[in-house]
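# Analysis of the macromolecular model
One-letter residues, chain by chain:
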Amino acid sequence: MSEFFRSPFDRHSTASQVIDGVDLSGKRAVITGATSGIGVETARALASAGVDVTLVVRRPDAGEQVAADLRAKTGNDAIHVARLDVADLASVNAFVASWAGPLHILVNNAGIMMLPELERGTGEQQFATNYLGHFALALGLHSALADAGGARMVTVSSSGHLFSPVVFDDLDYRFRPYDALGAYGQSKTAGVLLAVEADRRWSGEGIRANALHPGAIATNLQRHTGGLKTPEPYRKTIEQGAATSVFLAASPLVEGVGGRYFEDVNEAPQVTSRPTELGVLGVAAYALDAANAERLWDLSTTILR
């Protein structure tokens, strides 16, 4: 890996600040889970820079309301809505089949957190939603990304990845007792590994992929946890929470950078144990491990067959 990446931004920076002065007219973006939280703010920031944005959402009626509001706020009429449930591979395949033309930005933003009971769809539900559906989406849109002549894929992971590596021999909790936090952590580690392997495989085609921790933001994501538990001084606003996603998706400063994990709009340091103090949390070495990334990609390809 090349030199450790530092930007002029920090945890207080907002999505508007990191994209200020950037003109992305003519670019097209797809954002999953863009009806609430940082997904909406990511869409707003990109649309404000001239991007043609498609919000892919489970509930198109809610998506249309968001799109109308964003058109009014940004003055950009090129904001579209399409149905996509990332936990449903048939839905992913239908969206992929409907897409035509190049894609410059793919933001894998949708997610669920700490389901209290074990649920299985295409595997354990957090893994299926947070990772496997996005893997299938990226694979399906690979040609569109390659056709862009320079594309970026951004995957929203979490510091939650520090609670579990990918347990390859028991992805779906058929042997282990179900643990909501462990399952969430595994799914978010998988998201980082997706960025690592996609960048390795596709960077030669001009596709760069990175993953990120957005920070502690009070959103619908915490509905199963009783709300955000992070102490007030360490929380972010939605505008700050979307900053790292927007930076990785759009900033010229990160051109040519890939296969990395960011937090607070900067590359995160690697750690060998889970931090016990709040602040800069870092990324687990197992989440950036090339062998883990290749193994997960191959296994995921097999699952999708």
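These figures come from a predicted structure and were not determined experimentally.

About the criteria used
Residues numbered from 1 in each chain as written. Predicted model: local features only at pLDDT ≥ 70, side-chain atom pairs only at ≥ 80, totals over all residues. Heavy atoms only, no water. Phe/Tyr/Trp six-rings, centres within 6.5 Å; stacked < 30°, edge-to-face > 60°. Helix = DSSP H or I, 4+ residues; strand = E, 2+ residues; numbered from the N terminus. Lys NZ or Arg CZ within 6 Å of the ring centre and 35° of its normal. Salt bridge = Lys/Arg side-chain N within 4 Å of Asp/Glu carboxyl O. Buried < 20%, exposed > 50% of the residue type's maximum accessible area, 1.4 Å probe, protein only. Pairing = 2+ DSSP bridges. Contact = heavy atoms within 4.5 Å. Axes fitted to C-alpha atoms, helices over the stretch in contact; angles between N-to-C directions. Parallel < 35°, antiparallel > 145°, perpendicular 65-115°, else oblique. Left-handed = near helix turned anticlockwise from the far one by under 90°. Nonpolar A, V, L, I, M, F, W, Y, C, P; charged D, E, K, R; others polar.

### Things to note about the packing of aromatic side chains
Taken as a whole and assessed by the stated rule, the structure comprises nine aromatic pairs. On the basis of an interplanar angle of 90° and a centroid distance of 5.0 Å, the ring pair of Phe135 and Trp297 is categorised as edge-to-face. In this pair, Phe135 is assigned in helix 5 (residues 125–140) and Trp297 in helix 11 (residues 290–304), connecting sequence segments 162 residues apart. Chaining the aromatic ring pairs together yields one cluster made of Phe127, Tyr131, Phe135, Trp202 and Trp297. The residue whose ring lies beneath Arg176 is Tyr173, and the NZ or CZ to ring-centre distance is 3.8 Å.

### A few points about unusual backbone geometry
Located in the positive-phi region is Asp264, a residue other than glycine, with phi close to 55°. Mapped onto the elements of the fold, Asp264 is located in the loop between strand 9 (261–263) and strand 10 (266–267).

### Considering the pattern of salt bridges
A full pass over the atoms with the stated rule returns 12 salt bridges. The partner of Asp169 in a salt bridge is Arg295, and the shortest N-O contact between them spans 3.8 Å. Here Asp169, found in the loop between strand 7 (151–156) and helix 7 (180–202), pairs with Arg295, found in helix 11; they are 126 residues apart in sequence, far enough to count as distant. Since its relative accessible area comes to 68%, Asp169 is described here as exposed. Accessibility expressed as a relative area gives 43% for Arg295, which makes it partly exposed. Salt bridges sharing common partners tie together Glu197, Arg200, Arg201, Glu294 and Asp298.

### Re the sheet that holds strand 3 (residues 79–83)
Strand order in the open sheet made by the eight strands is 3-2-1-4-7-8-9-10, with mixed pairing throughout. Looking at the sheet topology across the chains shown, the edges are occupied by strand 3 and strand 10. Direction of pairing for strand 4 (residues 105–108) relative to strand 7: parallel, over a ladder of four bridges. For Asn108, the partnering residue across the bridge sits in strand 7 and is Thr155. Set on the sheet, helix 2 (residues 37–48) makes contact with strand 1 (28–32), strand 2 (52–57), strand 3, strand 4 and strand 7; between it and strand 1 the angle comes to about 170°. On the sheet, helix 9 (residues 243–250) packs against strand 4, strand 7, strand 8 (207–213) and strand 9 and is oriented at approximately 160° with respect to strand 7.

### Re the packing of helix 2 against helix 9
Taken N-terminus to C-terminus, the directions of helix 2 and helix 9 make an angle of 40°; their axes are 9 Å apart at the nearest point. Classified by the angle between their axes, helix 2 and helix 9 sit oblique to one another. Here the hand of the crossing between helix 2 and helix 9 comes out right-handed. Contacts from Thr42, Ala45 and Leu46 in helix 2 reach Ser245, Val246, Ala249 and Ala250 in helix 9. In terms of residue class, the contact of helix 2 with helix 9 is made up of five nonpolar, two polar and no charged.

### Quick word on the packing of helix 2 against helix 3 (residues 60–74)
Running from amino to carboxyl end, helix 2 crosses helix 3 at an angle of 40°, the nearest separation of the two axes being 10 Å. Compared by their axis directions, helix 2 and helix 3 come out oblique. The two elements helix 2 and helix 3 cross, and the hand of that crossing is right-handed. Contacts from Val40, Ala43, Arg44, Ala47 and Ser48 in helix 2 reach Val66, Leu70 and Thr74 in helix 3. Looking at the contact of helix 2 with helix 3 residue by residue, the class counts come to five nonpolar, two polar and one charged.

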